[in-house]
Amino acid sequence: MLNFYINNFVRVSWSGYFCEYFSTKNGVKQGGELSPVVFCVYLDELFHALSAAKVGCYVGDIFVGALAYADDLVLLLCGKCWPYAMLMPPSIL
């Protein structure tokens, strides 16, 4: 699986024109069979990190600081915690 995601080169097409190939360092392949699974694994780790850092909104004891569907993600912050989100170490995000 690792070979599927390392040493990848892509190029962008826009209105029939193509850019030069360039290397990708992160992300999942669009249309790849494993991409939804890899994306969910990443999101699960992100949700746990946000919850452990107490960043985001809660409804009772349930963390709802991030909502996701397919490849869309929304991060939610409550009024009391938004200043602290700016101070989060990059390793959390």
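Residues numbered from 1 in each chain as written. Predicted model: local features only at pLDDT ≥ 70, side-chain atom pairs only at ≥ 80, totals over all residues. Heavy atoms only, no water.

A. Here's a closer look at a nonpolar patch on the surface. On the surface, a nonpolar cluster with roughly 220 Å² of combined accessible area is contributed by Val10, Val12 and Phe22. Along the chain, Phe22 falls in strand 4 (residues 22-23). (Patch = residues over 30% accessible without salt bridge, like charges linked within 9 Å, V, L, I, M, F, W, Y side chains within 5 Å. Areas by Shrake-Rupley, 256 points an atom, 1.4 Å probe, with all protein chains shown as cover. Salt bridge = Lys/Arg side-chain N within 4 Å of Asp/Glu carboxyl O. Helix = DSSP H or I, 4+ residues; strand = E, 2+ residues; numbered from the N terminus.)

B. Layout of the layout of surface pockets. Counted as a void, the second largest pocket has a volume near 160 Å³. Forming the walls of the second largest pocket are Val28, Lys29, Gln30, Gly31, Ser35, Pro36, Phe39, Cys40, Ala70 and Asp71. (1 Å grid on protein atoms, 1.4 Å probe; cavity = no way out; pocket = protein on both sides within 12 Å on 5 of 7 lines; lining within 4 Å. Points joined across faces, edges and corners; volume = space filled by probe spheres on them.)

C. Expanded view of the side chain of Asn8. By the element assignment, Asn8 lies in the loop between helix 1 (2-5) and strand 1 (9-10). Not counting residues up to four positions away in its chain, the partners in contact with Asn8 are Phe22, Ser23, Thr24 and Lys29. (Contact = heavy atoms within 4.5 Å.)

D. Local environment of the environment of His48. By the secondary structure assignment, His48 is in helix 2 (residues 35-52). The class for His48 is exposed, based on a relative accessible area of 53%. Linking His48 and Phe63, residues 15 residues apart in sequence, is a C-alpha distance of 9.3 Å. (Buried < 20%, exposed > 50% of the residue type's maximum accessible area, 1.4 Å probe, protein only.)

E. Quick peek at the pairing of strand 7 (residues 66-69). Of the pairings in the sheet, the one linking strand 7 to strand 8 (residues 72-75) comprises 4 bridges and is antiparallel in character. Opposite Ala66, over in strand 8, you have Leu75 as the bridge partner. With antiparallel pairing between neighbouring strands as the criterion, strand 7 and strand 8 make up a hairpin whose turn holds 2 residues, including Ala70 at a positive phi of roughly 55°. (Pairing = 2+ DSSP bridges.)

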